[in-house]
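Chain by chain, the residues run as shown.
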Amino acid sequence: MGGRPRQAPQTSAAFAELVDAVRELEEKLQGADPPLDDVTVLEGYKWILSILQVGSDAYVWADPGRPRFVDIVGPYKKWGGDNADAFYQYAPIDPARTYRVRGRRGDAVYLSLTVYGGPDDGRYSERIVGSVNDRDLAFDADGGFELGIGPEPGDGPWITTAPDAVCAITRDYLVEPTTGRRVEWAIEAVDPPAAFTQDDAELARRLRATTTWMRQQATIVPLPVEGNGVDEPYPVPTTTFGWAAGDAAYAMGSFDLAEDEALVIEGRSPACAFWNLCLWNPFLHTYNYDYEQVTINGGQVQPEADGSWRIVVAARDPAHPNWVSTAGHRRGRLWFRWFLPEAVPERPRTAVVPVAEVR
(Lines give C-alpha, C1' and ligand atoms only; values in the text may rest on other atoms or scores of the structure.)
Protein backbone atom coordinates (compact mmCIF):
# COMPACT_ATOMS: atom_id res chain seq x y z
CA MET A 1 0.00 0.00 0.00
CA GLY A 2 1.32 3.38 -0.96
CA GLY A 3 4.39 1.86 -2.63
CA ARG A 4 6.00 3.15 -5.80
CA PRO A 5 3.94 2.39 -8.93
CA ARG A 6 5.31 -0.41 -11.10
CA GLN A 7 7.39 0.88 -13.97
CA ALA A 8 6.55 -0.23 -17.52
CA PRO A 9 3.24 -1.85 -16.49
CA GLN A 10 2.38 -3.22 -19.96
CA THR A 11 5.83 -4.72 -20.43
CA SER A 12 5.72 -6.22 -16.94
CA ALA A 13 2.42 -7.95 -17.70
CA ALA A 14 3.67 -9.19 -21.08
CA PHE A 15 6.87 -10.48 -19.50
CA ALA A 16 4.82 -12.46 -16.98
CA GLU A 17 2.87 -14.02 -19.86
CA LEU A 18 6.15 -15.02 -21.53
CA VAL A 19 7.41 -16.68 -18.35
CA ASP A 20 4.09 -18.55 -18.06
CA ALA A 21 4.47 -19.75 -21.65
CA VAL A 22 7.91 -21.19 -20.86
CA ARG A 23 6.41 -23.07 -17.92
CA GLU A 24 3.65 -24.39 -20.18
CA LEU A 25 6.27 -25.78 -22.56
CA GLU A 26 8.01 -27.59 -19.73
CA GLU A 27 4.67 -29.10 -18.64
CA LYS A 28 4.09 -30.28 -22.21
CA LEU A 29 7.57 -31.78 -22.27
CA GLN A 30 7.09 -33.66 -19.00
CA GLY A 31 3.52 -34.70 -19.80
CA ALA A 32 3.99 -35.94 -23.37
CA ASP A 33 1.79 -38.90 -24.32
CA PRO A 34 3.35 -41.32 -25.07
CA PRO A 35 6.16 -40.35 -22.66
CA LEU A 36 9.45 -39.23 -24.15
CA ASP A 37 12.66 -41.09 -23.36
CA ASP A 38 15.21 -39.49 -21.05
CA VAL A 39 17.54 -38.28 -23.82
CA THR A 40 14.71 -36.63 -25.75
CA VAL A 41 13.42 -34.88 -22.63
CA LEU A 42 16.84 -33.30 -22.10
CA GLU A 43 16.90 -32.23 -25.75
CA GLY A 44 13.40 -30.81 -25.26
CA TYR A 45 14.66 -28.40 -22.63
CA LYS A 46 17.28 -27.17 -25.10
CA TRP A 47 14.56 -26.84 -27.73
CA ILE A 48 12.60 -24.55 -25.38
CA LEU A 49 15.64 -22.31 -24.97
CA SER A 50 16.26 -22.33 -28.73
CA ILE A 51 12.79 -21.14 -29.67
CA LEU A 52 12.92 -18.53 -26.89
CA GLN A 53 16.18 -17.26 -28.33
CA VAL A 54 14.85 -17.18 -31.90
CA GLY A 55 11.64 -15.49 -30.77
CA SER A 56 13.66 -12.84 -28.95
CA ASP A 57 15.84 -12.23 -32.01
CA ALA A 58 12.88 -12.05 -34.38
CA TYR A 59 10.44 -10.04 -32.27
CA VAL A 60 12.15 -8.34 -29.31
CA TRP A 61 15.44 -7.15 -30.81
CA ALA A 62 14.56 -6.94 -34.51
CA ASP A 63 14.73 -3.44 -36.01
CA PRO A 64 13.48 -3.14 -39.61
CA GLY A 65 14.78 0.44 -39.72
CA ARG A 66 18.38 -0.67 -39.37
CA PRO A 67 18.23 -4.48 -39.74
CA ARG A 68 21.00 -7.02 -39.48
CA PHE A 69 21.07 -10.71 -40.29
CA VAL A 70 21.26 -13.01 -37.24
CA ASP A 71 21.71 -16.79 -37.17
CA ILE A 72 18.46 -18.61 -36.38
CA VAL A 73 19.76 -22.19 -36.46
CA GLY A 74 23.10 -23.74 -35.58
CA PRO A 75 24.92 -26.23 -33.36
CA TYR A 76 23.55 -24.47 -30.26
CA LYS A 77 20.24 -23.33 -31.74
CA LYS A 78 18.28 -26.42 -32.80
CA TRP A 79 14.61 -26.25 -33.78
CA GLY A 80 12.28 -26.34 -36.77
CA GLY A 81 14.23 -28.81 -38.88
CA ASP A 82 17.83 -27.62 -38.56
CA ASN A 83 20.65 -29.53 -40.21
CA ALA A 84 24.42 -29.75 -40.07
CA ASP A 85 25.02 -28.54 -43.63
CA ALA A 86 23.27 -25.18 -43.63
CA PHE A 87 23.35 -21.69 -42.22
CA TYR A 88 20.09 -19.73 -41.91
CA GLN A 89 19.87 -16.04 -41.07
CA TYR A 90 16.93 -13.75 -40.32
CA ALA A 91 16.36 -10.03 -40.82
CA PRO A 92 13.14 -8.05 -40.19
CA ILE A 93 11.54 -6.20 -43.12
CA ASP A 94 9.46 -3.03 -43.20
CA PRO A 95 7.31 -3.39 -46.35
CA ALA A 96 7.46 0.37 -46.94
CA ARG A 97 11.26 0.53 -46.99
CA THR A 98 13.86 -0.33 -49.61
CA TYR A 99 16.92 -2.44 -48.79
CA ARG A 100 20.20 -3.36 -50.40
CA VAL A 101 21.62 -6.80 -49.68
CA ARG A 102 25.28 -7.54 -50.36
CA GLY A 103 27.11 -10.80 -49.95
CA ARG A 104 30.01 -13.07 -50.80
CA ARG A 105 29.34 -16.64 -51.85
CA GLY A 106 32.13 -18.54 -50.13
CA ASP A 107 31.84 -22.31 -50.68
CA ALA A 108 28.04 -22.58 -50.76
CA VAL A 109 26.67 -24.95 -53.42
CA TYR A 110 23.21 -23.41 -52.92
CA LEU A 111 22.18 -20.06 -51.48
CA SER A 112 18.95 -18.09 -51.42
CA LEU A 113 17.11 -15.21 -49.81
CA THR A 114 13.35 -15.43 -49.29
CA VAL A 115 10.97 -12.69 -48.16
CA TYR A 116 7.94 -13.95 -46.23
CA GLY A 117 4.57 -12.32 -45.71
CA GLY A 118 1.89 -12.66 -43.09
CA PRO A 119 1.05 -11.42 -39.62
CA ASP A 120 3.67 -9.60 -37.53
CA ASP A 121 2.27 -10.65 -34.14
CA GLY A 122 4.34 -13.81 -33.67
CA ARG A 123 2.24 -16.13 -35.79
CA TYR A 124 4.12 -17.95 -38.51
CA SER A 125 4.39 -16.38 -41.96
CA GLU A 126 1.64 -17.46 -44.33
CA ARG A 127 3.34 -17.24 -47.71
CA ILE A 128 6.43 -16.47 -49.75
CA VAL A 129 6.43 -12.91 -51.10
CA GLY A 130 9.48 -13.45 -53.28
CA SER A 131 12.73 -15.39 -53.48
CA VAL A 132 16.13 -15.13 -55.16
CA ASN A 133 18.63 -18.00 -55.35
CA ASP A 134 22.16 -18.29 -56.74
CA ARG A 135 20.79 -19.04 -60.24
CA ASP A 136 19.35 -15.52 -60.28
CA LEU A 137 22.48 -13.69 -59.09
CA ALA A 138 25.57 -12.37 -60.82
CA PHE A 139 28.85 -13.02 -58.97
CA ASP A 140 32.09 -11.08 -59.35
CA ALA A 141 35.55 -12.66 -59.31
CA ASP A 142 35.55 -12.82 -55.49
CA GLY A 143 32.03 -14.28 -55.29
CA GLY A 144 30.44 -10.94 -54.42
CA PHE A 145 26.80 -10.25 -55.29
CA GLU A 146 24.01 -7.73 -54.69
CA LEU A 147 20.23 -7.73 -54.72
CA GLY A 148 17.44 -5.36 -53.76
CA ILE A 149 14.26 -5.58 -51.69
CA GLY A 150 11.54 -2.95 -51.77
CA PRO A 151 7.96 -1.96 -52.60
CA GLU A 152 8.83 -0.72 -56.10
CA PRO A 153 10.66 -2.82 -58.71
CA GLY A 154 14.34 -2.01 -59.08
CA ASP A 155 17.35 -2.85 -61.20
CA GLY A 156 19.17 -6.18 -61.10
CA PRO A 157 18.07 -9.10 -58.93
CA TRP A 158 15.14 -7.77 -56.94
CA ILE A 159 12.32 -8.88 -54.63
CA THR A 160 9.29 -6.61 -54.77
CA THR A 161 7.64 -6.56 -51.38
CA ALA A 162 3.93 -6.62 -50.53
CA PRO A 163 2.16 -4.76 -47.69
CA ASP A 164 2.38 -7.84 -45.46
CA ALA A 165 6.14 -8.51 -45.91
CA VAL A 166 7.64 -9.18 -42.48
CA CYS A 167 11.09 -10.77 -42.80
CA ALA A 168 13.89 -12.04 -45.03
CA ILE A 169 15.56 -15.40 -44.41
CA THR A 170 18.79 -16.54 -46.05
CA ARG A 171 19.86 -20.13 -46.68
CA ASP A 172 23.30 -21.33 -47.63
CA TYR A 173 24.28 -24.98 -47.95
CA LEU A 174 27.81 -26.35 -47.92
CA VAL A 175 29.01 -29.88 -48.65
CA GLU A 176 31.64 -29.51 -45.92
CA PRO A 177 30.24 -26.90 -43.53
CA THR A 178 32.89 -27.42 -40.83
CA THR A 179 35.75 -26.44 -43.15
CA GLY A 180 34.00 -24.49 -45.90
CA ARG A 181 33.47 -20.73 -46.05
CA ARG A 182 29.88 -19.75 -45.36
CA VAL A 183 28.11 -16.99 -47.26
CA GLU A 184 28.66 -13.47 -45.94
CA TRP A 185 25.35 -11.57 -45.83
CA ALA A 186 24.76 -7.88 -45.06
CA ILE A 187 21.60 -5.78 -45.32
CA GLU A 188 20.96 -2.06 -45.01
CA ALA A 189 17.95 0.19 -45.46
CA VAL A 190 18.33 2.74 -48.23
CA ASP A 191 16.19 5.17 -46.21
CA PRO A 192 16.79 4.35 -42.51
CA PRO A 193 15.03 6.34 -39.76
CA ALA A 194 17.04 9.09 -38.13
CA ALA A 195 16.42 7.96 -34.55
CA PHE A 196 15.31 4.99 -32.48
CA THR A 197 12.47 5.28 -29.98
CA GLN A 198 10.86 2.73 -27.70
CA ASP A 199 7.96 2.84 -25.26
CA ASP A 200 6.17 0.55 -22.85
CA ALA A 201 3.40 -0.41 -25.26
CA GLU A 202 5.80 -1.29 -28.08
CA LEU A 203 8.07 -3.52 -25.98
CA ALA A 204 5.00 -5.23 -24.52
CA ARG A 205 3.77 -5.92 -28.06
CA ARG A 206 7.12 -7.45 -28.97
CA LEU A 207 7.16 -9.65 -25.89
CA ARG A 208 3.65 -10.87 -26.63
CA ALA A 209 4.70 -11.67 -30.19
CA THR A 210 7.53 -13.79 -28.75
CA THR A 211 5.02 -15.59 -26.52
CA THR A 212 2.74 -16.24 -29.49
CA TRP A 213 5.71 -17.54 -31.50
CA MET A 214 6.68 -20.02 -28.78
CA ARG A 215 3.15 -21.28 -28.28
CA GLN A 216 2.67 -21.80 -32.01
CA GLN A 217 5.92 -23.76 -32.25
CA ALA A 218 4.59 -26.00 -29.49
CA THR A 219 1.55 -26.91 -31.59
CA ILE A 220 3.83 -28.51 -34.19
CA VAL A 221 5.83 -30.81 -31.91
CA PRO A 222 6.54 -33.38 -30.64
CA LEU A 223 6.05 -35.36 -33.83
CA PRO A 224 5.10 -39.03 -33.52
CA VAL A 225 7.57 -41.73 -34.47
CA GLU A 226 5.91 -44.59 -36.33
CA GLY A 227 8.01 -47.58 -37.34
CA ASN A 228 10.70 -47.70 -40.03
CA GLY A 229 10.40 -46.23 -43.51
CA VAL A 230 10.34 -43.16 -45.73
CA ASP A 231 7.17 -41.54 -47.08
CA GLU A 232 6.61 -40.62 -50.72
CA PRO A 233 8.65 -37.49 -51.59
CA TYR A 234 6.63 -34.41 -52.41
CA PRO A 235 7.64 -31.86 -55.04
CA VAL A 236 8.82 -28.27 -54.73
CA PRO A 237 5.75 -26.48 -53.33
CA THR A 238 3.86 -23.73 -55.14
CA THR A 239 2.83 -22.33 -51.76
CA THR A 240 4.39 -22.82 -48.35
CA PHE A 241 3.69 -22.24 -44.67
CA GLY A 242 6.01 -20.80 -42.06
CA TRP A 243 9.61 -20.34 -43.12
CA ALA A 244 9.82 -23.35 -45.42
CA ALA A 245 11.88 -23.12 -48.60
CA GLY A 246 10.29 -22.73 -52.00
CA ASP A 247 13.15 -24.43 -53.89
CA ALA A 248 13.16 -27.90 -52.36
CA ALA A 249 11.42 -31.27 -52.56
CA TYR A 250 11.12 -33.20 -49.31
CA ALA A 251 10.45 -36.64 -47.82
CA MET A 252 9.90 -37.56 -44.19
CA GLY A 253 10.24 -40.90 -42.46
CA SER A 254 11.12 -42.49 -39.13
CA PHE A 255 13.24 -45.17 -37.52
CA ASP A 256 12.60 -47.41 -34.51
CA LEU A 257 15.53 -49.75 -33.99
CA ALA A 258 16.93 -52.12 -31.39
CA GLU A 259 20.60 -51.84 -30.46
CA ASP A 260 21.62 -54.57 -32.90
CA GLU A 261 19.43 -53.42 -35.81
CA ALA A 262 20.13 -51.14 -38.75
CA LEU A 263 17.82 -49.36 -41.18
CA VAL A 264 19.21 -49.64 -44.70
CA ILE A 265 17.90 -46.90 -47.02
CA GLU A 266 18.43 -47.25 -50.77
CA GLY A 267 17.60 -44.64 -53.35
CA ARG A 268 18.59 -42.48 -56.25
CA SER A 269 18.62 -38.69 -56.31
CA PRO A 270 17.75 -36.59 -59.35
CA ALA A 271 20.20 -33.97 -60.52
CA CYS A 272 19.98 -31.13 -58.01
CA ALA A 273 22.00 -28.39 -56.37
CA PHE A 274 22.21 -30.24 -53.05
CA TRP A 275 20.54 -33.03 -51.10
CA ASN A 276 20.87 -34.51 -47.64
CA LEU A 277 19.37 -36.77 -44.98
CA CYS A 278 19.04 -35.63 -41.36
CA LEU A 279 18.06 -37.52 -38.23
CA TRP A 280 15.79 -35.54 -35.89
CA ASN A 281 14.23 -35.99 -32.51
CA PRO A 282 10.45 -35.36 -32.14
CA PHE A 283 11.19 -31.64 -31.62
CA LEU A 284 12.60 -31.37 -35.15
CA HIS A 285 16.17 -30.81 -34.16
CA THR A 286 19.27 -32.72 -35.08
CA TYR A 287 21.34 -34.75 -32.71
CA ASN A 288 24.77 -33.47 -31.68
CA TYR A 289 26.78 -33.43 -34.91
CA ASP A 290 29.94 -32.13 -33.22
CA TYR A 291 30.69 -35.72 -32.15
CA GLU A 292 28.99 -38.08 -34.60
CA GLN A 293 27.72 -38.08 -38.18
CA VAL A 294 23.99 -37.73 -37.65
CA THR A 295 23.37 -36.21 -41.09
CA ILE A 296 24.83 -36.96 -44.50
CA ASN A 297 24.67 -35.09 -47.80
CA GLY A 298 25.07 -35.93 -51.47
CA GLY A 299 28.67 -34.71 -51.54
CA GLN A 300 29.58 -36.97 -48.60
CA VAL A 301 27.77 -40.12 -49.71
CA GLN A 302 29.83 -42.81 -51.43
CA PRO A 303 27.54 -43.90 -54.30
CA GLU A 304 27.05 -47.33 -55.79
CA ALA A 305 28.51 -48.10 -59.23
CA ASP A 306 25.18 -47.32 -60.93
CA GLY A 307 24.86 -43.90 -59.26
CA SER A 308 22.35 -44.99 -56.62
CA TRP A 309 23.17 -44.84 -52.92
CA ARG A 310 22.78 -46.86 -49.72
CA ILE A 311 22.67 -45.16 -46.32
CA VAL A 312 22.78 -47.15 -43.08
CA VAL A 313 21.12 -45.77 -39.94
CA ALA A 314 22.28 -47.59 -36.80
CA ALA A 315 23.34 -47.09 -33.19
CA ARG A 316 26.81 -48.55 -33.78
CA ASP A 317 29.25 -48.53 -36.65
CA PRO A 318 28.29 -51.19 -39.24
CA ALA A 319 31.59 -50.68 -41.11
CA HIS A 320 29.74 -48.97 -43.95
CA PRO A 321 30.99 -45.66 -45.45
CA ASN A 322 27.49 -44.13 -45.41
CA TRP A 323 26.73 -44.82 -41.75
CA VAL A 324 24.52 -42.26 -39.98
CA SER A 325 24.53 -42.62 -36.21
CA THR A 326 21.39 -42.56 -34.08
CA ALA A 327 23.55 -41.00 -31.32
CA GLY A 328 21.96 -42.86 -28.46
CA HIS A 329 18.37 -42.60 -29.74
CA ARG A 330 16.36 -45.76 -30.25
CA ARG A 331 13.76 -43.98 -32.37
CA GLY A 332 13.53 -40.73 -34.30
CA ARG A 333 12.58 -38.95 -37.50
CA LEU A 334 14.19 -39.02 -40.94
CA TRP A 335 14.16 -36.00 -43.24
CA PHE A 336 15.34 -35.80 -46.85
CA ARG A 337 15.56 -32.60 -48.88
CA TRP A 338 16.62 -31.96 -52.49
CA PHE A 339 17.26 -28.35 -53.58
CA LEU A 340 16.39 -27.40 -57.17
CA PRO A 341 15.78 -31.01 -58.27
CA GLU A 342 15.20 -31.70 -61.96
CA ALA A 343 12.40 -34.13 -61.04
CA VAL A 344 10.47 -35.35 -58.02
CA PRO A 345 12.80 -37.86 -56.30
CA GLU A 346 11.99 -41.55 -56.24
CA ARG A 347 10.73 -42.90 -52.95
CA PRO A 348 13.68 -44.44 -51.07
CA ARG A 349 13.41 -48.13 -50.21
CA THR A 350 14.06 -49.34 -46.67
CA ALA A 351 14.80 -52.57 -44.83
CA VAL A 352 15.62 -53.40 -41.22
CA VAL A 353 18.51 -55.86 -40.89
CA PRO A 354 20.89 -56.97 -38.13
CA VAL A 355 23.89 -54.64 -37.93
CA ALA A 356 26.20 -57.62 -38.38
CA GLU A 357 24.61 -58.39 -41.76
CA VAL A 358 25.08 -54.94 -43.32
CA ARG A 359 27.23 -55.37 -46.40
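What comes next concerns the included structure. (Residues numbered from 1 in each chain as written. Predicted model: local features only at pLDDT ≥ 70, side-chain atom pairs only at ≥ 80, totals over all residues. Heavy atoms only, no water.)

**Brief notes about the packing of helix H1 (residues 9-30) against helix H2 (residues 38-60)**
Next up, step 1: Packing of H1 against H2 leaves a shortest axis separation of 10 Å and a crossing angle of 155°. When the interaxial angle is binned, H1 and H2 end up roughly antiparallel. In this structure, the crossing between H1 and H2 has a hand that is right-handed. Contacts from Leu18, Val22, Leu25, Glu26, Leu29 and Gln30 in H1 reach Val41, Gly44, Tyr45, Trp47, Ile48, Ile51 and Leu52 in H2.
Next up, step 2: For the contact of H1 with H2, the residue count by class is 10 nonpolar, 2 polar and 1 charged. (Axes fitted to C-alpha atoms, helices over the stretch in contact; angles between N-to-C directions. Helix = DSSP H or I, 4+ residues; strand = E, 2+ residues; numbered from the N terminus. Parallel < 35°, antiparallel > 145°, perpendicular 65-115°, else oblique. Left-handed = near helix turned anticlockwise from the far one by under 90°. Contact = heavy atoms within 4.5 Å. Nonpolar A, V, L, I, M, F, W, Y, C, P; charged D, E, K, R; others polar.)

**Considering the packing of aromatic side chains**
Two aromatic rings are characterised by how far apart their centres lie and by the angle between their planes.
Next up, step 1: All told, the structure shown has 22 aromatic pairs when counted by the stated rule.
Next up, step 2: Plain terms: the ring middles of tyrosine 59 and tryptophan 213 are 6.3 Å apart, the flat faces sit at 50° to each other, and that makes the pair tilted. Linking tyrosine 59 in helix H2 with tryptophan 213 in helix H3 (residues 200-220), this pair joins segments that are 154 residues apart in sequence.
Next up, step 3: Since its relative accessible area comes to 12%, tyrosine 59 is described here as buried.
Next up, step 4: Taken together, a centroid distance of 5.7 Å and an interplanar angle of 25° make the contact between tryptophan 309 and phenylalanine 336 stacked. Here phenylalanine 336 lies in strand E17 (residues 331-339) and tryptophan 309 lies in strand E15 (residues 309-314), a separation of 27 residues in the sequence. Each member of the pair tryptophan 309 and phenylalanine 336 is classed as buried.
Next up, step 5: One aromatic cluster is present, formed by Tyr59, Trp79, Tyr90, Tyr124, Trp213 and Trp243 through successive ring pairs.
Next up, step 6: Just above the ring of phenylalanine 139 sits the side chain of arginine 105; from NZ or CZ to the centre is 4.8 Å. (Phe/Tyr/Trp six-rings, centres within 6.5 Å; stacked < 30°, edge-to-face > 60°. Buried < 20%, exposed > 50% of the residue type's maximum accessible area, 1.4 Å probe, protein only. Lys NZ or Arg CZ within 6 Å of the ring centre and 35° of its normal.)

**Considerations on the pattern of salt bridges**
Next up, step 1: What the rule picks out here adds up to 22 salt bridges.
Next up, step 2: With a shortest N-O distance of 3.5 Å, lysine 77 and aspartate 57 are connected by a salt bridge. Taken together, the residues lysine 77 in the loop between strand E1 (70-71) and strand E2 (86-92) and aspartate 57 in helix H2 connect sequence positions 20 residues apart.
Next up, step 3: In this structure lysine 77 comes out as buried when scored by relative accessible area, which is 11%. (Salt bridge = Lys/Arg side-chain N within 4 Å of Asp/Glu carboxyl O.)

**Re unusual backbone geometry**
Next up, step 1: In this structure, proline 34 follows aspartate 33 across a cis peptide bond, with omega equal to 5°.
Next up, step 2: Omega for the peptide link from valine 221 to proline 222 comes to 0°, which places this bond in the cis form.
Next up, step 3: Position of proline 222 relative to the elements: it lies in the loop between H3 and strand E10 (229-230).
Next up, step 4: Despite not being glycine, alanine 8 has its phi angle at roughly 45°, a positive value.
Next up, step 5: By the secondary structure assignment, alanine 8 is in the segment before H1.
Next up, step 6: In this structure, alanine 319 is a non-glycine residue whose phi angle is positive, near 60°.
Next up, step 7: Summarising the element assignment, alanine 319 is placed in the loop between E15 and strand E16 (323-325).
Next up, step 8: Alanine 319 gets classed as exposed once you look at its relative accessible area, which sits at 70%.

Interpretation note: all reported values are geometric properties and have no functional meaning in isolation.
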